[in-house]
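Residue-level structure breakdown
Residue-level listing of the chains:
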Amino acid sequence: MDLTWMAWTWQTAAFFGLIAGLLCMMMVWEWISPGGGPRHGGLGLDTTRGDRLFISLLGSAYIHLGWLAFTDAPLWGGTVLSIVFAIAVFRWV
Amino acid sequence: MNKTWNNKAWFMVLPVLALVAFNAVIPLMTVVNYSVQETFGNNLFFFEGVKWYREVLASERFHASLLRQFLFTGLILLIEVPLGVAVALAMPRSGPWVSVCLVLMALPLLIPWNVVGAMWNIFALPDIGLLGHTINALGIDYNFTRQPLAAWFTVVLMDVWHWTSLVVLLAYAGLRSIPDAYYQAARIDGASRWSVFRFIQLPKMNRVLTIAILLRFMDSFMIYTEPFVLTGGGPGNATTFLSIDLVKAALGEFNLGIAAAMSIIYFLMTLLVCWVFYTLMTREEAQ
């Protein structure tokens, strides 16, 4: 199958691989501990693990965009900030 | 109590998953791929990293079209939601006129977007259009092809004409679902018309209004066909909203990298607003 029209690069493949890996990990987590781990978090929201992953990913996208908009520093800084943000979301939200 | 987990039902979702993969996920992946590369046509791609994102985020053209987009969406919500609620409140609750009103309200929603744009283009022309000619006859200098303010007025008026009905129908459905007992209690308490609206009708319409606001936000934020047919984004760039700018970049200038980066940013903004509305709706439901 010719996929040249999709213009894959190893970087974007790694990005989508990471997302797919995270989803698989969530499935395994759900299999080990079913129910989604619902709780009333710090933001006053009722969230499950899936919600927390979604908030982390969406927040990370905005952190990266903000990083690109406001600094000239390498994007890894934004990635580190996003990981910290995701840990905070899974811990408190 | 031990719960039995049966996940076999998830297999029923597989056809939908396949459909979504083909019409949403794969195109989205392609856009992400394009957003990090320079394209020269004939499937020639060169990796550029996040260059296009930096360029778009620093671009004054992008800021201007984004500002216009937010202004347009804000105006649309400010006008259409209160107007839709007011019309729904004025509609009869029973009798033969209900069907007449509902059909009249549904009519604008049935007209295709490009037809609406073409219709309003002719309708608002200053020399031959009924609207344009009438406004000029009143002594007001109006020409939407030359004046940015007139172009904005026409685009907003067109959208209000086309989409307020949606808010009306949703608000009317919300009003009809209120049991009569609430109104009887209000009458016994001697509640004023305003109190009935404030403490009975508005809270009961809360859910449908949230849906109406979400739908109107989404539609107006992604509007393309109507203003494109009506003004083509002009005069100058006065009505070049984000979607029009995006198409100009992608198809007019063949800047696929920049257009793809703009698309991803656009998508993230829409996704954030949808999530906020979804969270608000589910929170209200839980309460």
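Please refer to the structure higher up on the page.
Residues numbered from 1 in each chain as written. Chains lettered and ligands numbered in written order. Predicted model: local features only at pLDDT ≥ 70, side-chain atom pairs only at ≥ 80, totals over all residues.

1. Considerations on the overall build of chain A
- Assigned secondary structure in chain A consists of three helices and two strands.
- What you see in chain A, going N to C, is helices and strands ordered as α-β-β-α-α.
- Its C-alpha radius of gyration of 16 Å places chain A more than 25% over the 12 Å reference for a compact globule of 93 residues.
- Looking at chain A as a whole, 15% of its 93 residues are labelled buried.
- Within chain A, contacts between residues separated by at least 24 positions form 48% of all contacts whose residues are at least 6 apart in sequence. (Helix = DSSP H or I, 4+ residues; strand = E, 2+ residues; numbered from the N terminus. Rg over C-alpha atoms; globule rule 2.2 N^0.38 Å. Buried ≥ 20, exposed ≤ 12 C-beta atoms within 10 Å, placed from the backbone. Contact = placed C-beta atoms within 7 Å.)

2. Regarding the overall build of chain B
- Along the backbone of chain B there are twelve helices and two strands.
- Secondary structure elements of chain B occur, N-terminal to C-terminal, as α-β-β-α-α-α-α-α-α-α-α-α-α-α.
- Projected onto its principal axes, the C-alpha coordinates of chain B cover approximately 80 × 75 × 30 Å.
- Relative to its full complement of 287 residues, chain B shows a buried share of 28%.
- Taking the intrachain contacts of chain B between residues at least 6 apart in sequence as the baseline, contacts between residues at least 24 apart amount to 70%.

3. Some words on the environment of Ala173 of chain B
- Relative to the helices and strands, Ala173 of chain B is located in helix 7 (residues 148–176).
- Separated by 39 residues in sequence, Ala173 of chain B and Thr134 of chain B have C-alpha atoms that sit 36 Å apart.

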